[in-house]
Amino acid sequence: MAEDMRSLVNQTVERFGKDRHRLMDIARALHARLGYLSEETIGHTAQALGIHRVEVRDMVSFYSFFSRKKQGKTVIHLCNAVVERMKGADAVGRAFERELGIHFGETTPDDAITLHHTACIGLSDQAPSALINGIPFTNLKPEDVPGIVKAIREGEDMLNMPQAEVDSNVRRPGEVIFAPMERGAAIRKAINMTPESVINEINKGRLRGRGGAGFPTAMKWDFCRKAKGNAHYLVCNADEGEPGTFKDRAILQECPDLVFEGMTVAGYAIGAREGIMYLRGEYEYLLPSLERVLAKRRHLGLLGENICGCEGFSFNIRIQMGAGAYVCGEESALLESAEGKRGAPRDRPPFPVQKGYKGEPTSVNNVETLCCAARILDRGGEWFASMGSRDSTGTKLLSVSGDCEHPGVYELPYGITVKKLIDMVGASDAQAVQVGGPSGRCLAPKDFGRSISFEDVPTGGSVIIIGPERDLLECVRQFTEFFVEESCGWCVPCRSGTTILLKTLEKVMEGRGSRSDLANLEKLGKTVKTMSRCGLGQTAANPILTTINGFPDLYEARIKHEEYTPAFDFKKALEVGCEAAGRNLELEGIHV
Amino acid sequence: MSKDAVTFTIDGVEVKAKPDQTIMEAADAAGIYIPRLCYHKDLLPGGHCRVCTVRVNGRPANACTFPVNSGIVVENDTEELKALRRDIIEMLFVEGNHYCPSCEASGKCELQAMAYRLELLTPQMPYAWPKRELDATHPDVYLDRDRCILCGRCVRASVQLDGKRVFGFENRGAQKRIAVDSATGMGDTDLSAKDRAASICPTGCLTIKRQGYLTPVGKRPYDKVPIGSDIEKKQAAG
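**Here's the deal with the domain arrangement of chain A**
Residues and elements named next belong to chain A. Per the domain assignment, the segments making up chain A are domain 1 (2–60), domain 2 (74–160), domain 3 (171–385), domain 4 (398–466) and domain 5 (471–592). Between the C-alpha centres of domain 2 and domain 4 the distance comes to 29 Å. In this assembly, 5 residues from domain 2 lie in contact with 9 residues from domain 4. Interface of domain 2 and domain 4: buried area, both sides summed, is about 460 Å²; carbon and sulfur atoms make up 69% of it. Sorting the residues of domain 2 by area buried against domain 4 places V83, M86 and D125 first, and these three jointly supply 73% of that buried surface. At the junction of domain 2 and domain 4, the tally comes to 1 residue pair in polar contact (both at pLDDT 80 or more). Of the residues assigned to the side of domain 2 that touches domain 4, the class counts are 2 nonpolar, 1 polar and 2 charged.

Here it is, written out as structure tokens:
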């Protein structure tokens, strides 16, 4: 048995060229075969790669989809993101616990099924949802659970289950993303231009990165192109992990060709021979269809050597799977992860365009940005810039979910007001709108006249509607909890600060807080924002800070009007000791 | 200084630097102390603690990795930054289990010394009281994770100075911890008490056995002068 495992490890390591940079793929392959990564597997892997076991453990212990404990043959990941819980994920979770006779984090005694929670899996528009051995299940109801568990136990093909279905849910297609385009049209235009003119055309369109930060794409490509290196890389960031975002899922389902077209154009512009699509682990179910599209494009000469007959232009694309870590959506963490390491962000400078993948100049672009780039090549920068608002040209995909009648993906010109959007999606009575996910901001009705654009309210795509009946602070608490879970732990303010923010918020919500706790939340929030190493930490306090600002009454209503209340609950602390000693203070007449 | 020397200011004081220096290196050379914990002059910077955060042209950046540039305006010793840095030290105190009075690192502990320098009184943030594993399996070195601040100095020193890979990280977020390169404990690694990694810890997390409390109170490094005095002395002398 031990020998079998060793040879499996050796074969797997061989398959990935004994390349340490492919440790993510190696670990994924071994995890898929063995169900978990034991200390023994970790040791053999290190040995086969000629590295230290502490390096392998460092990497595998980072990702939530890797287990180091033995798991069941079937692993259920029920999503407990905010919107999922709005839609009844808790009841579905209880149904699973009841049906399986275990709690979350446990495996059934017969080693058949393991039950886990997971952060947003990009299905907020079809919540509650779960991944069962990677297969997405949507619109779950507690009454579905017995049938699903029975099917698992009887070894049925999960793909045949009626709930194993993902609707791309494009409610409103636009002209940039969800419009037809002939395969290769943008590439053929590009190769008849110099790389510089390609970049110039993108510049005419004034395209800005769709991931949320809005960096001008042409400038990024130009920096990358001009940076000296042994090789240049183009990386497509398909790791959309912001809770409430699922627009890249819709793109990858509906028009993957457009993304690969954009990647190829970008590769030409920056002088890359290799493109990597970093696909989040949660989207593994999209992998087979994406690989088929890539194969087709290779067959058509749209990838490979001398693309479209252009002498010397060679470009290929491989898909790098992730393994469950929100922070890997941050471009430098993504590169670390793609190099087979823990997804810890890097300090900048140097920027990825100077030193990116394997230390070489790399342009990391969002899925949607690359689609826009392909469309600009096809229809021209001027046409693209004629849509949108002053500083935000083109259209934006919005993933709308939560308390609305028509959740789904909307492609709309930049500049649309929040008011117009919520009317469109059937949520006119919204209490609040969370734009940009937890890392974005929570807008109160007084702000609904503001516009979705880089110059006003930017978003990577997530729009979560919070209806009038919701406990908004509970949403804020869950968002904050999400950051605690997803902090990589590299730097102090994010690792420790997020936990302290959560504890202080909970104290306020439990009615034990005072005015000084509100002041502490604001002060600490500012510290975490200012001192953190990357975007995750810099935005982790946003749910608290933006709601203290927009909804001060909600906080006021929960606090005690005393200067200071202790965090330490004396009564609660005594309970443990009293129980152990078999004492009842009340009966003894002792009041604390 | 060569002709491509870079000139910039720290809190209004003009500083000359070599173009390939970081703000931290240039400040040290000029006798200006920027508070730090995970930084060590013999190691590549790790960027973990963020205590060395300064403002560069108004924007926060960590001095240990940020390159100097001609004309940049660096803020260091300001009330705002002092308060932010103090928050970080406080976070570290409540995140781990630090009992200064009984700790053998007291008086030479950089975390403790930084708390004094930044005038941190008793922490008011909620304590985490984590349960952390102690590793005493090595014959000559203790690993007491209660006192770990995850600065990563041991991780870097083992690779960069000792040519080994004794330490690494494990897990993420609040569960992140120092790991050792063996399936059992530190005793089964190739760590030697003579390794730089064994004695580069800024706190009492990694300590050499049978060396505790050898220096009497009053003669320990930070008993009489605050941390950073060695660097500031240069300025006074220069």
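**Quick word on the packing of aromatic side chains**
A full pass over the atoms with the stated rule returns 11 aromatic pairs over all chains. Pairing Y127(B) with W129(B) gives two aromatic rings, centres 4.7 Å apart and planes at 15°, and the pair type is stacked. Here Y127(B) falls in the partly exposed class, since its relative accessible area comes to 32%. One aromatic cluster is present, formed by F62(A), Y63(A) and F66(A) through successive ring pairs. For the cation-ring pair, K507(A) lies above Y564(A), with the distance from its terminal atom to the ring centre recorded as 5.9 Å. Between R172(B) and the ring centre of F62(A), over which it is positioned, the NZ or CZ distance is 5.8 Å.

**Description of the sheet that holds strand 11 (residues 408–413) of chain A**
Residues and elements named next belong to chain A. What the 6 strands build is an open sheet, ordered 5-11-10-14-12-13; its pairing is mixed. A single partner strand is all that each edge strand has here, and the edge strands are strand 5 (170–172) and strand 13 (441–443). Along the sheet, successive strands turn relative to each other by an average axial angle of 30°, direction set aside. The sheet contact formed by strand 5 and strand 11 spans 2 bridges and is parallel. Directly across from R172, in strand 11, lies its bridge partner Y410.

**Some words on the confidence of the model for chain B**
Per-residue pLDDT for chain B averages 95, and the proportion of residues at 70 or more is 97%. Complex prediction metrics read pTM 0.96 and ipTM 0.96.

**Quick word on the pattern of salt bridges**
If you walk through the whole model with that rule in mind, you get 69 salt bridges over all chains. Here R153(A) makes a salt bridge to D110(A), at a shortest N to O gap of 3.0 Å. Taken together, the residues R153(A) in helix 7 (residues 145–153) and D110(A) in the loop between helix 6 (89–100) and strand 2 (113–118) connect sequence positions 43 residues apart. In this structure D110(A) comes out as partly exposed when scored by relative accessible area, which is 48%. In this structure, the salt-bridge partner of D28(B) is R36(B), at a minimum N-O distance of 2.7 Å. Residue D28(B) is classed as buried on the basis of its relative accessible area of 11%. Salt bridges here are not isolated pairs; linked through shared partners, they connect R68(A), E133(B), R145(B), E170(B) and R177(B).

**Digging into the interface of chain A and chain B**
Between chain A and chain B, the contact holds 43 residues from the first and 42 residues from the second. Together chain A and chain B conceal approximately 3,500 Å² of surface at their shared face, both sides included; 55% is due to carbon and sulfur atoms. Sorting the residues of chain A by area buried against chain B places W490(A), R495(A) and M531(A) first, and these three jointly supply 19% of that buried surface. Counting across the interface, chain A meets chain B through 7 salt bridges. Residue E486(A) is joined to R172(B) by a salt bridge in which the shortest nitrogen-to-oxygen separation is 3.2 Å. Where chain A meets chain B, there are 28 residue pairs in polar contact (both at pLDDT 80 or more). For the side of chain A that touches chain B, the secondary-structure elements that each account for two or more residues are helix 4 (53–60), helix 18 (472–486), helix 19 (492–509) and helix 20 (515–531) of chain A. If one sorts the elements of the side of chain A that touches chain B by residue count, helix 19 of chain A sits on top with 9 residues. Counted by class, the side of chain A that touches chain B contains 14 nonpolar, 13 polar and 16 charged residues.

So, how was this worked out
- Residues numbered from 1 in each chain as written.
- Chains lettered and ligands numbered in written order.
- Predicted model: local features only at pLDDT ≥ 70, side-chain atom pairs only at ≥ 80, totals over all residues.
- Heavy atoms only, no water.
- Domains from an automatic or database assignment.
- Contact = heavy atoms within 4.5 Å.
- Buried area = accessible area lost by both parts, 1.4 Å probe.
- Polar contact = N/O pair within 3.5 Å; in protein donor to acceptor, adjacent residues only side chain to side chain.
- Nonpolar A, V, L, I, M, F, W, Y, C, P; charged D, E, K, R; others polar.
- Phe/Tyr/Trp six-rings, centres within 6.5 Å; stacked < 30°, edge-to-face > 60°.
- Buried < 20%, exposed > 50% of the residue type's maximum accessible area, 1.4 Å probe, protein only.
- Lys NZ or Arg CZ within 6 Å of the ring centre and 35° of its normal.
- Pairing = 2+ DSSP bridges.
- Helix = DSSP H or I, 4+ residues; strand = E, 2+ residues; numbered from the N terminus.
- Axes fitted to C-alpha atoms, helices over the stretch in contact; angles between N-to-C directions.
- pLDDT = per-residue confidence, 0-100.
- Salt bridge = Lys/Arg side-chain N within 4 Å of Asp/Glu carboxyl O.

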